[in-house]
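For reference, the chains in residue letters:
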Amino acid sequence: MDLDGGDSPWGDVPSQSTNNLAASQSETEGTGAFPPSLTLMCGLMLTPTLRSPRPINTARDTPFDRPLGDKPAENSPTGLEQAPVPPQKEAFASRNVRPASTTSQTSSGAGMMDSVNLEEDGTGFRNPPPVQPPSDVEASKRQQQPSVSVEKAAHPTFEISVGDPHKVGDLTSSHIVYQVRTKTTSKAYRQPEFTVSRRYRDFLWLYNSLHSNNPGVVVPPPPEKQAVGRFDTNFVESRRAALERMLNKIAAHPILQHDGDLKIFLESEAFNVDIKNKENREPDLGQSKGMFSSFGISVGGGGKFIEHDDWFHDRKIYLDALENQLKSLMKAIDTVVAQRKGLSEAAGEFSTSIQSLAAVELSPLLSGPLYGLSDLQLRIKELYDRQAQQDVLTLGITIDEYLRLIGSVKTAFSQRQKAYHSWHAAESELQKRKHSQEKLLRQGKSQQDRLNQANADVADAERRVHQARLLFEDMGRLMRNELQRFEKEKVEDFKSGVETFLESAVEAQKELIELWETFLLQLDAGEDGNPFYPPAGEHNASAESAPGAPSESTVSTAEAA
């Protein structure tokens, strides 16, 4: 191969060695066509494979397939004319190299593709290991802990029961303790089921805490205190049912169910200690503060509040009328309960009188029915007592609950009024600070420090006004939703209460009719010749005798009549 004038085996310029560059430079200088520097620059630009010149390292550039010192073959390009070999990547087993699928990829990367073995063997490319299926232990763990949807996590369910009321303490500090059992799907609690002991004042603490933590929310209230007869069985049962309804309504509320104080109440085993720790951490959160103090807003009463929103004005009038109607209905229910208790007492007195008459009656044919009538009146007395208690626990407790709920709604209205007064108090404070700022501006630059402080005070007052206005508007929107929820629950609860009241009344009347019919059948059996309470032997003998043959006792009874 002619190194001086033949074509290059690489398809580009013949040679990039320094000798060729010197020869071309001498030829150019002899002709005087181009300066040497320009010729070198054109050569560099027209040569695609030219790299930066470097000193030739014989040991590095010499191929490994021949010994050092041997000359290359005449038909092969010299070491100076040989193009640089592109670097080749090593084949790793963990690297996922995809084979070339197009012609362009094959032509451009032939050198690299030849050096990489795409077949799966011991030394070349290897596919990633197959994914192993989960073991039985991992599968059982996943089955034991099922995934919870976002909706269920945001709206957990609660099942709360208040039971086992028992009296504890000595004569001076005696009180009723209830067992509060909770089942929940909320992940905020340590266990899905737990039981704690609570007394009435703990329920009252929960109510006040929820009111202070959530201004504008209608919190279901506990039953009212009662100093006289608080250990009576009927009163304890009615209070237990009211406390259970209170907790379930709180737990079903979308806002109150996430309150931290509810978690303390339902779960804490050291309840009094946790309350003291909470008060020590948050000493400023009193009964009438809460969110207002967190914004640095005063909650003073202010002047007389005038409602400018017609919607809230109409709701106030409606709530006042509803409260008066429920109070009248509660009086009527109390009258009905008192009448049932009066019937019960009358039935008991009547039973005592009949029993006394049966004791002095000589004729067994008359004393037997009298004793039966006395026993019947005792059963009727128990029926009236049970029906009176059911009236209190069905319709009466619903009426009493909504009377207390209206009180909670009015408390929310008062909190909104405080937010309104706080807003306007912040605005008046802002006007005062702006007036002071204007005075300092008129005095000139001599009061620059005071002016800077006034500007900071004005900015702080504007922030407080903005926060108070947002709090008032947010509370208004919240109360609209709360009152709509109140109306919906009121319809459902009263519908359920009236249905239960009517069902219990119908069942009581059926039981009363059955008692009288049974007594009448026993009287008819006595007129047929059988005693009112026949012994077993006489009853069998009368059953074996002919039904048409009258006995001597029947004849004597007819003659006496």
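Above this text is the structure in question.
Residues numbered from 1 in each chain as written. Predicted model: local features only at pLDDT ≥ 70, side-chain atom pairs only at ≥ 80, totals over all residues. Heavy atoms only, no water.

1. Things to note about the nonpolar core
Point 1. Residues Leu 326, Ile 399, Val 409, Phe 413 and Phe 486 are the most contacted members of the largest nonpolar core, which totals 36 residues.
Point 2. Not counting the four nearest positions on each side in its chain, Phe 486 is found in contact with Leu 319, Leu 322, Tyr 402, Leu 405, Ile 406 and Val 409.
Point 3. Counting residues in hydrophobic clusters, the runner-up holds 29 residues, among them Phe 158, Ile 160, Ile 250 and Ala 251. (Core = buried A, V, L, I, M, F, W, Y, C linked by side-chain atoms within 4.5 Å. Buried < 20%, exposed > 50% of the residue type's maximum accessible area, 1.4 Å probe, protein only. Contact = heavy atoms within 4.5 Å.)

2. A short note on the pattern of salt bridges
Point 1. Applying the stated criterion to the full structure yields 26 salt bridges.
Point 2. For the salt bridge of Asp 385 with Lys 381, the shortest nitrogen-to-oxygen distance reads 3.3 Å. Placement of the pair is Asp 385 and Lys 381 together in helix α14 (residues 364–443), with a separation of four residues, close to one helical turn.
Point 3. The shortest N-O distance in the salt bridge between Arg 464 and Asp 460 comes to 3.1 Å. (Salt bridge = Lys/Arg side-chain N within 4 Å of Asp/Glu carboxyl O. Helix = DSSP H or I, 4+ residues; strand = E, 2+ residues; numbered from the N terminus.)

3. Let's talk about helix α8 (residues 200–213)
Point 1. Taking 1.5 Å as the rise per residue, α8 with 14 residues should run 20 Å; its terminal C-alpha atoms sit 20 Å apart, in good agreement.
Point 2. Judged by how many residues are buried, α8 sits mostly within the fold: ten of 14 residues are covered.
Point 3. Listing the buried residues of α8 in full gives Tyr 200, Asp 202, Phe 203, Trp 205, Leu 206, Tyr 207, Ser 209, Leu 210, His 211 and Ser 212. (Expected span 1.5 Å × (residues − 1).)

4. A short note on the sheet that holds strand β2 (residues 175–184)
Point 1. The sheet built from three strands is open, its strands ordered β1-β2-β3 with antiparallel pairing. Every interior strand has two partners, whereas the edge strands, β1 (158–168) and β3 (193–199), have only one. Adjacent strand axes in the sheet meet at a mean angle of 20° when their direction is disregarded.
Point 2. Where β2 and β3 come together, seven bridges link them in antiparallel fashion. Directly across from Lys 183, in β3, lies its bridge partner Glu 193.
Point 3. Set on the sheet, α8 makes contact with β2 and β3; between it and β3 the angle comes to about 105°. (Pairing = 2+ DSSP bridges. Axes fitted to C-alpha atoms, helices over the stretch in contact; angles between N-to-C directions.)

5. Here's the deal with empty space enclosed by the protein
Over the atoms, a rolled probe matching the size of one water molecule traces out where space is still vacant.
Point 1. Under the definition given, this model contains two cavities of 30 Å³ or more.
Point 2. By volume, the largest cavity is sized at about 120 Å³.
Point 3. Residue lining of the largest cavity: Val 218, Val 219, Pro 220, Lys 249, His 253, Leu 405, Glu 482, Arg 485, Phe 486 and Glu 489, and that is the complete set.
Point 4. Classifying every residue of the lining of the largest cavity by side-chain character gives five nonpolar, one polar and four charged. (1 Å grid on protein atoms, 1.4 Å probe; cavity = no way out; pocket = protein on both sides within 12 Å on 5 of 7 lines; lining within 4 Å. Points joined across faces, edges and corners; volume = space filled by probe spheres on them. Nonpolar A, V, L, I, M, F, W, Y, C, P; charged D, E, K, R; others polar.)

6. Considerations on the pairing of β2
Point 1. Burial analysis of β2 places eight of its ten residues in the buried class, which makes it a mostly covered element.
Point 2. Examined bridge by bridge, β1 and β2 share nine bridges and lie antiparallel to one another. Bridging from a neighbouring strand, Gly 163 pairs with Gln 179 of β2.
Point 3. A loop of six residues connects β1 with β2, the two strands running antiparallel in sequence, and Gly 169 in this loop sits at a positive phi of about 95°.

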